[in-house]
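# Notes for the structure review
One letter stands for each residue in the lines below.
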Amino acid sequence: MAFLLLFDPAKRRPTIAFRGRQFRELDRYAYARLVGMQPMGLPLARTGETFDPAILPDHVAIDTPDDADLQPTDCNIFSGPGFNLIVSQRVREVIEGAGEDRVTFYPINVVDKAGGGAQLPGEWFFVVFEDPFNPVIEERSTLLKLFASGDMKEIPETARDARLVCRRADVAGRSFWTGKAMKDPWPTGGDQTPFAAARPTFTYCSDAVHDALIAAGVMDFDWITKIEEVDDPETLPLTPGLTGEPVGVVHRTRLETLDRPEAEGDYRPFRKHLRRGEPWAGGNVRLGVPGQRAPDLYFHNGLLVASVAAKAEIEALEPGLHRFEPIEFFKSFDPYVPVEGGLTHFAVHLGAPMHDPIIAEMSVGARTTMNYGFAPRYWESVSPLDHAVVFDADLCGNRHLWCRPYNAGTDKYLYFSEALRARLGLLNVPFGLTTDFPLYHRPSIKPLP
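Right, let's walk through the structure included here. (Residues numbered from 1 in each chain as written. Predicted model: local features only at pLDDT ≥ 70, side-chain atom pairs only at ≥ 80, totals over all residues. Heavy atoms only, no water.)

## Points about the overall build of the protein chain
Assigned secondary structure in the protein chain consists of 10 helices and 26 strands. Going through the 449 residues of the protein chain one by one, you find that 53% of them count as buried. Sequence separation of at least 24 residues holds for 75% of the intrachain contacts in the protein chain that already meet a minimum separation of 6. Counting every atom, the protein chain has about 20,400 Å² of accessible surface; 50% of that belongs to carbon and sulfur. (Helix = DSSP H or I, 4+ residues; strand = E, 2+ residues; numbered from the N terminus. Buried < 20%, exposed > 50% of the residue type's maximum accessible area, 1.4 Å probe, protein only. Contact = heavy atoms within 4.5 Å. Areas by Shrake-Rupley, 256 points an atom, 1.4 Å probe, with all protein chains shown as cover.)

Spelled out as structure tokens, the structure:
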């Protein structure tokens, strides 16, 4: 048994900070190669190329977030820019004790930035991998849940359902190693699957090293996926792919906006409440009257606004999910003259925002972003005309209107189900350019025979 090792992205932890005075005498090109900025975008320590320890700084600092779940003294493995690793003496002893001779450990001083630059106790080592290798046979593995779209806190749970396969003879004699870049040298790869593009950033270990790190209490990797060893992968079924026709479609639309000079009295602080998701305890939201007849669903200077009719259609399909705050339009603010006719529109805060529910291994152009060896997340980078990205029908099945999490209620890109789009199509809604995403069910994940 082998294992793929990453850090849980939902856990806030100390990381390596390659910056500051220790690099003043370091050649810029050498620094770029060390942290994986250029020329290939991969850190020198993970390429298997000749490594000159003179490239290392005299020390590295450790950055600790204010809301960190761990402190530097709790850690035995640090990761940082370029997916470089720095390990404690105890970790080095475990790896060398397993007979691994294709990893080199260079002593390096580690200081705690939050601790006033005090040196961390014990000995620390910069890890250089000498023989990168990719053990996973993708066409015989089920990678669907290895990388998760959506809430990062759910990634470790979905990772347990991944099924990775390797050839037993390929990993024999290996104890601790890194993946290798293939066709695309960048960690976020163009026409490769997200898994293939992220290979150079992966760390692998044998079951012996895995068990020894846990026994020694120094297994800092907490997003661990097993790789099952088989003698003949050709006897296993190929990875299931998309079959049949899509079961539905999601429409992503950029609604038109009535951009206009903000009127005196427009209540802008309300937008901050929307972004923070806080309840609004004030009176009606006041906005200057639009220069034209207000549509039924539109953006008013970036604020999502729905008419009484649009609110009814949305709540008919998703009752109680979204928040609607009454809007009072005014003709002038000083003196204050409200628009007559009663309540016609509401400011909308969309509930339950959702990252793009991409089935990434089945999408062309779905790319990954990774941060310091943490588990990756997907982002879409394809032409709206390619129809190359498919969405997970199970995640979208009971949803009708949502946006991405980072700007709930203020992002002009909205996602509509077919049913809601049809209902709103009967109203005055200025839909802009629309991208359709077909919905598929994920193929079932079956245990290895």
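There is more to say, and it comes next.
## Re unusual backbone geometry
One non-glycine residue, Ala352, lies in the positive phi region at around 50 degrees. Structurally, Ala352 is set in the loop between β20 (345–349) and β21 (366–369).

## Brief notes about the pairing of β20
Extensive coverage of β20 is indicated by the burial of five of its five residues. With burial as the criterion, each face of β20 is covered, one bearing His345, Ala347 and His349 and the other bearing Phe346 and Val348. Sheet analysis places strand β17 (residues 303–307) next to β20, joined by three bridges and oriented antiparallel. Counted as the bridge partner of Val305 is Ala347 from β20. (Pairing = 2+ DSSP bridges.)

## What to know about the packing of aromatic side chains
Per the counting criterion, the structure on display carries 12 aromatic pairs. For the ring pair Phe78 and Trp124, a centre distance of 5.2 Å and an interplane angle of 40 degrees mean the geometry is tilted. Highlighted residues: Phe78 in strand β4 (residues 77–80) and Trp124 in strand β9 (residues 124–129), separated in sequence by 46 residues. Residue classification places Phe78 among the buried positions, given a relative accessible area of 0%. Seen from their ring centres, Phe416 and Phe431 are 5.5 Å apart, and the 90 degrees between their planes marks the pair as edge-to-face. Highlighted residues: Phe416 in strand β25 (residues 413–417) and Phe431 in the loop between α10 (418–424) and β26 (434–440), separated in sequence by 15 residues. Exposure class is identical for Phe416 and Phe431. Each is buried. Taken together, the aromatic side chains of Phe391, Trp402, Tyr415 and Phe437 make up a single cluster linked through ring pairs. The ring of Phe125 carries the charged tip of Arg92 above its face, separated from the ring centre by 4.5 Å. We note Arg421 situated over the ring of Phe431; from NZ or CZ to the ring centre the distance is 3.8 Å. (Phe/Tyr/Trp six-rings, centres within 6.5 Å; stacked < 30°, edge-to-face > 60°. Lys NZ or Arg CZ within 6 Å of the ring centre and 35° of its normal.)

## Some points on helix α2 (residues 89–97)
Looking only at α2, the buried set comprises Val91, Val94 and Ile95. One side of α2 holds all its buried residues, which, seen down the axis, span an arc of 95 degrees. On its buried face, α2 is in contact with β4, β5 (84–88), β6 (103–107), β11 (176–178) and α6 (207–215). A positive phi of about 85 degrees marks Gly99, the residue just after α2. (Arc of directions from axis to C-beta.)

## Quick word on the pattern of salt bridges
Any two side chains of opposite charge can pair, given that their charged atoms come close. Throughout the structure, instances matching the rule amount to 13 salt bridges. Here Lys113 and Asp63 are joined by a salt bridge, their closest N and O atoms 3.5 Å apart. Residue Lys113 is located in the loop between β7 (109–112) and β8 (118–119), and its partner Asp63 is located in strand β3 (residues 59–63); the two are separated by 50 residues in the primary sequence. Exposure remark for Lys113: the relative accessible area of 49% places this residue in the partly exposed category. The salt bridge partner of Arg168 is Glu229, with a shortest N-O separation of 3.8 Å. Remark: Glu229 occurs in strand β13 (residues 223–230) and Arg168 occurs in helix α4 (residues 168–171); sequence separation between them is 61 residues. Overall, Arg168 belongs to the partly exposed group, its relative accessible area being 37%. Taken together, the shared-partner salt bridges connect Glu100, Arg102, Asp131 and Arg174 into one network. (Salt bridge = Lys/Arg side-chain N within 4 Å of Asp/Glu carboxyl O.)

## As for the sheet that holds β3
Overall, mixed pairing links the four strands, which are arranged β2-β3-β7-β8 in an open sheet. Each edge of the open sheet carries a strand with a single partner, namely β2 (15–17) and β8. Strand direction decides the pairing type here: β7 and β8, joined by two bridges, are antiparallel. Considered in β8, the bridge of Val111 is made with Gln119.

## Points about the sheet that holds strand β24 (residues 401–402)
Strand order in this open sheet of five strands is β23-β26-β14-β25-β24, and the pairing throughout is mixed. Edge positions in the sheet fall to β23 (391–392) and β24, since each has one partner strand and no second. Pairing of strand β14 (residues 248–254) with β26 involves six bridges; the strand directions are antiparallel. Within the sheet, the bridge partner assigned to His251 lies in β26 and is Asp436.

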